[in-house]
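# An overview of the molecular structure
Spelled out, the chains give:
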Amino acid sequence: MPFSGTGTATTHNPNLAALEACLSGIVAAGFSHAELACPDWGIWLGREVNVHQLRQVAKVTDKFRDRLRYTVHGPIAFHLMSQNDWPDRKRLLRAGLEATRELGADLMVYESGWIQEWPAGGFTTMLDFMERERDLLREVGEECLAWNGKIAIETMAGAEYMRSYTDWPHQLAEQIVLTNHRAIGVCIDTGHSNIGASRLGYDLLNGVRQLAPHVFTFHLHDNFGIWASPHLGLNHKSPESWALGLGDLHLPIGWGTIPFGQMLGEIDFPQSPILMAEINWELYAHLMPELQNQLSTYSSVT
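Residues numbered from 1 in each chain as written. Predicted model: local features only at pLDDT ≥ 70, side-chain atom pairs only at ≥ 80, totals over all residues. Heavy atoms only, no water.

Look at helix α3 (residues 86–102): 24 Å from first C-alpha to last across 17 residues, which is about the 24 Å you get at 1.5 Å a residue. Those residues of α3 lying buried are Trp 86, Arg 89, Leu 92, Leu 93, Ala 95, Gly 96, Leu 97, Ala 99 and Thr 100. Positive phi appears at Gly 104, one or two residues downstream of α3, with a value of about 70°. (Helix = DSSP H or I, 4+ residues; strand = E, 2+ residues; numbered from the N terminus. Expected span 1.5 Å × (residues − 1). Buried < 20%, exposed > 50% of the residue type's maximum accessible area, 1.4 Å probe, protein only.)

Here you go:
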């Protein structure tokens, strides 16, 4: 099964000395790629690129460019389903891609956003938001072609009282088909999709098969497929979340219930996506060589 590389997400520590140590460790573990946690480093400010901060980060990432290829996690605040500030969200999307290009990254991971359930939300329908998003994605997709960049829309699991088309694999696949641009694809977040499958009632592997023709990259991490309300205060950094097995835990592969062997070993992904782990560097740095070996069993790195 050909994949285009193996990688892991970098530290979220805003200290750039920690980033340099992390990238050195990613190289030492044998990975070919790293995903830059740019929202944590102040790279975007006021809907624009924070040029000074971007330059500081680039000084670090440039040291490893001969040994690593990069992807970027764009701002979560893109939220193109926002009711009232569409021009500002468009500006931020372009700023995300500008930073991705300047850092020499291959692609940017993008979270589409949600609409609030009626009556809290406005009157714009999900289908209207999706049509507006497609028009913008085609426009910025053309701009990405100039530097061989790509945008990967991330799968989600359903937020409390809010919904997105990215919660359901068939709707995300349809959006990619209707957008019909070679720079626009999918990031399968396995943890989100595992929770979404159990919460929303679809089969996880069937959902992955629906998305497989469009996948550019993965966020690979494990959990038990159990949704947890954010009001419980549980998250992937909480020991109580680990103890209970609740929520989006970002566990190493094999620690939860996701069938990675079937997913990565039996399903065809014609776009040769990146196998990118998204686990906490500070917690699991000691496991990175083992993780790289795991991913290499699925990957034919080119």
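Turning our attention to unusual backbone geometry. Even without a glycine there, the phi angle at Arg 47 is positive, about 70°. Within the fold, Arg 47 resides in the loop between β3 (44–45) and β4 (48–49). In this structure Arg 47 comes out as partly exposed when scored by relative accessible area, which is 39%. Not every positive phi belongs to a glycine, and His 250 is a case in point at roughly 55°. For His 250, the position within the fold is in the loop between α8 (239–244) and α9 (260–266). Residue class for His 250 comes out buried when judged on its relative accessible area of 10%.

Let us look at the layout of surface pockets. In this structure, the second largest pocket occupies an estimated 210 Å³ of space. Split into classes, the residues belonging to the lining of the second largest pocket amount to four nonpolar, six polar and three charged. (1 Å grid on protein atoms, 1.4 Å probe; cavity = no way out; pocket = protein on both sides within 12 Å on 5 of 7 lines; lining within 4 Å. Points joined across faces, edges and corners; volume = space filled by probe spheres on them. Nonpolar A, V, L, I, M, F, W, Y, C, P; charged D, E, K, R; others polar.)

This next bit is on the pairing of strand β1 (residues 5–9). The two faces of a sheet get side chains in turn, since along a regular strand they alternate between them. Summarising burial for β1: five of the five residues are buried, a large majority. Neither face of β1 is left uncovered, since the one carrying Gly 5, Gly 7 and Ala 9 and the one carrying Thr 6 and Thr 8 both have all their residues buried. Where β1 lies against strand β12 (residues 274–277), four bridges are found, and the strand directions are parallel. Pairing of Thr 6 across the sheet is with Leu 275, part of β12. Here β1 runs beside strand β2 (residues 33–36); their pairing, made up of three bridges, is parallel. Bridging across to β2, Gly 7 finds its partner in His 33. (Pairing = 2+ DSSP bridges.)

Worth remembering: the numbers are spatial, not functional.
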